[in-house]
Amino acid sequence: MASTLYIGLMSGTSLDGVDGVLADFSGRGMRTLDAAFTPFPAELRAELMALQAASANELEREALAANALARCYAECVQALAANAPGPLRAIAVHGQTIRHRPELGFTRQTNNPALLAELTGIDVIADFRSRDVAAGGQGAPLVPAFHEARFGKRGQVRVVVNIGGIGNISVLHGDGRVTGYDTGPGNVLMDLWIARHNGLPYDQDGAWAATGTVDPALLDLLLDEAYFRQPPPKSTGRDLFHADWLARKLAQRPGVSPADVQATLTRLTAVSIARAIQAEASPQAVYVCGGGAYNGVLLRDLADALGGRTPVASTDTLGVAPNRVEALAFAWLGYRFLRRQPGNLPAVTGAAGTRILGALYPA
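Residues numbered from 1 in each chain as written. Predicted model: local features only at pLDDT ≥ 70, side-chain atom pairs only at ≥ 80, totals over all residues. Heavy atoms only, no water.

Where an unreviewed UniProt entry is consulted, the chain appears under the name Anhydro-N-acetylmuramic acid kinase, with the organism given as Telluria antibiotica. Recorded in UniProt under Catalytic activity (unreviewed entry), the annotation for the chain is "1,6-anhydro-N-acetyl-beta-muramate + ATP + H2O = N-acetyl-D-muramate 6-phosphate + ADP + H(+)". Quoted verbatim from the Function (unreviewed entry) field of UniProt, the annotation for the chain is "Catalyzes the specific phosphorylation of 1,6-anhydro-N-acetylmuramic acid (anhMurNAc) with the simultaneous cleavage of the 1,6-anhydro ring, generating MurNAc-6-P. Is required for the utilization of anhMurNAc either imported from the medium or derived from its own cell wall murein, and thus plays a role in cell wall recycling." (UniProt positions renumbered as here; feature names shortened; annotations may be inferred.)

Of all hydrophobic cores here, the largest spans 43 residues; its most connected members are V161, I169, L246 and L265. For this core, the elements supplying multiple residues, two or more each, are β8 (158-163), β9 (166-172), α6 (188-198), α8 (216-223), α10 (243-251), α11 (258-280), β11 (285-289) and α12 (296-305). Of the residues forming this core, the biggest block, ten residues, is contributed by α11. If sequence neighbours within four positions are ignored, L265 has contacts with L189, M190, W193, L222 and L246. Counting residues in each nonpolar core, the second largest holds 34 residues, with V21, F25, I125 and L318 among its members. (Core = buried A, V, L, I, M, F, W, Y, C linked by side-chain atoms within 4.5 Å. Buried < 20%, exposed > 50% of the residue type's maximum accessible area, 1.4 Å probe, protein only. Helix = DSSP H or I, 4+ residues; strand = E, 2+ residues; numbered from the N terminus. Contact = heavy atoms within 4.5 Å.)

By the burial criterion, the buried members of α10 are W245, L246, K249 and L250. Viewed end-on, α10 has its buried residues packed into an arc of 130°, placing them on one side of the element. Projecting away from the buried face of α10 at angles above 90 degrees are the exposed residues D244 and A251. Tucked into the core, α10 has its buried residues touching α6, α8 and α11. (Arc of directions from axis to C-beta.)

So, in structure tokens, the structure goes:
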């Protein structure tokens, strides 16, 4: 009988490293057996950041970064495989998004899955987004189908919010329907700002934002972005929300202190997510995953932006740690691929229909 053990790997727009899970999809259901995190070396993180925009010799630089990325993935796999109770069926790996332009018909997740298969001796499933884009979809978000499978509850409207570099929502309507889309910046602008001013990779628990005060005029300028008004299906990334975008907004509101900017960026993420939720449903509960789930100030801002009437909690309360959800989602997508089952939701991505997502690189 084929193994039901899969490893899921996710490296997101926060560019901090690789989250991995060891998952069991046996008849007993979907279980997370182990988790691991492999941080990116500083040089790789810097190169992946640079590759977000056009630059000299980028084809060769991307190929070399993909090789280095595959070695980071292999390191994470080795940590997880050491604790596996049996043989592994496959590794499902997202890759690192460096360009996302579905309106032009492409999305690019750099990776070298062939090298990963060579380094680990395990089948690798990769390139999950491109088939949805080929079918006319956004290629994102792909996690709502998994959120429904793992967190949905009949008769209860729930929203799962993933706050990585970019924020996205999955609205689980309680009747089998799922809607969702990318809401805008998650941690990306907050991380950029604190790195610039304090030399830190992220604002631990929103501590720096808590020292500042939200500037209403700046918040209005930040919210004055066409993407927020665009109807779904839609997706976004660092192609839109980047340092130059923020600089243009700040130029219209000079003199705001760095701490107040951080507080306002935190509120921007909360308000943009809350408005997206309110446009879709009146949920009984909101569950947050991703790195943003560990930012207490952001969660309080989100609860406040929702009017203080909707409970906001992390996915921990549903049995999955916030930093494991996306990696588990891609393990699930790998499991679906090998069963020849679709992984996308056309109602979310706008694709012409359901599609089997991924490509296989045999060991």
